[in-house]
Amino acid sequence: MEHKEALLESLAELRTAHDKASRAMAEITATGARALKGSDSLPSLHQLRSYALALAQAQRHLAYCQDLLQGRPPVGTDAEQATGRSYVH
């Protein structure tokens with residue numbers, strides 16, 4: 001049951017990371033659309049970096065989900081896998 005719970009938790013984390021990346025991309029495209037209509041502001045480097053980080057986190061969650069679906073045992077917590085850092089509570 002631990003494997004199934006880890007997979008379900010990981011899928012939820014993947015969805016959260018994907019949503020974060022989607023919101024960041026929506027902000028970037030909205031800024032770009034406003035720029036096309038005459039606004040002076042363009043998407044910022046900060047916006048692009050935020051998107052890249054969110055996308056990278058989603059990709060790490062995806063890889064972890066794939067590992068679990070291929071039958072590999074869960075290693076550490078999903079958060080540790082996704083960020084590369086261990087958490088101490």
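Right above here is the structure, for reference.
Residues numbered from 1 in each chain as written. Predicted model: local features only at pLDDT ≥ 70, side-chain atom pairs only at ≥ 80, totals over all residues. Heavy atoms only, no water.

## Describing the packing of helix α1 (residues 2–36) against helix α2 (residues 45–69)
Here comes step 1: At a minimum axis separation of 8 Å, α1 and α2 run at an interaxial angle of 155°. As summarised for this structure, α1 and α2 are arranged roughly antiparallel, according to the angle between their axes. Viewed along their axes, α1 and α2 form a crossing whose handedness is left-handed.
Here comes step 2: Per-class residue counts for the contact of α1 with α2 are 19 nonpolar, seven polar and three charged. (Axes fitted to C-alpha atoms, helices over the stretch in contact; angles between N-to-C directions. Helix = DSSP H or I, 4+ residues; strand = E, 2+ residues; numbered from the N terminus. Parallel < 35°, antiparallel > 145°, perpendicular 65-115°, else oblique. Left-handed = near helix turned anticlockwise from the far one by under 90°. Nonpolar A, V, L, I, M, F, W, Y, C, P; charged D, E, K, R; others polar.)

## Notes on the pattern of salt bridges
Here comes step 1: Evaluation of the coordinates by the stated rule reveals two salt bridges.
Here comes step 2: We note a salt bridge from Asp 19 to Arg 15, for which the minimum N-O separation is 3.1 Å. Of the two residues, Asp 19 and Arg 15 both sit in helix α1, four residues apart, roughly one turn of that helix.
Here comes step 3: The class for Arg 15 is exposed, based on a relative accessible area of 53%.
Here comes step 4: Where Asp 67 meets Arg 72, a salt bridge forms, and the shortest distance between an N and an O atom there is 2.6 Å. (Salt bridge = Lys/Arg side-chain N within 4 Å of Asp/Glu carboxyl O. Buried < 20%, exposed > 50% of the residue type's maximum accessible area, 1.4 Å probe, protein only.)

## So, the nonpolar core
Here comes step 1: Counting eight residues, the largest nonpolar core is built from Ala 6, Leu 7, Leu 14, Ala 17, Ala 58, Tyr 64, Cys 65 and Leu 68.
Here comes step 2: Listing elements by their share of this core, those giving two or more residues are α1 and α2.
Here comes step 3: Sequence-distant contacts of Cys 65, defined by excluding residues within four places in its chain, comprise Leu 7, Ser 10, Leu 11 and Leu 14. (Core = buried A, V, L, I, M, F, W, Y, C linked by side-chain atoms within 4.5 Å. Contact = heavy atoms within 4.5 Å.)

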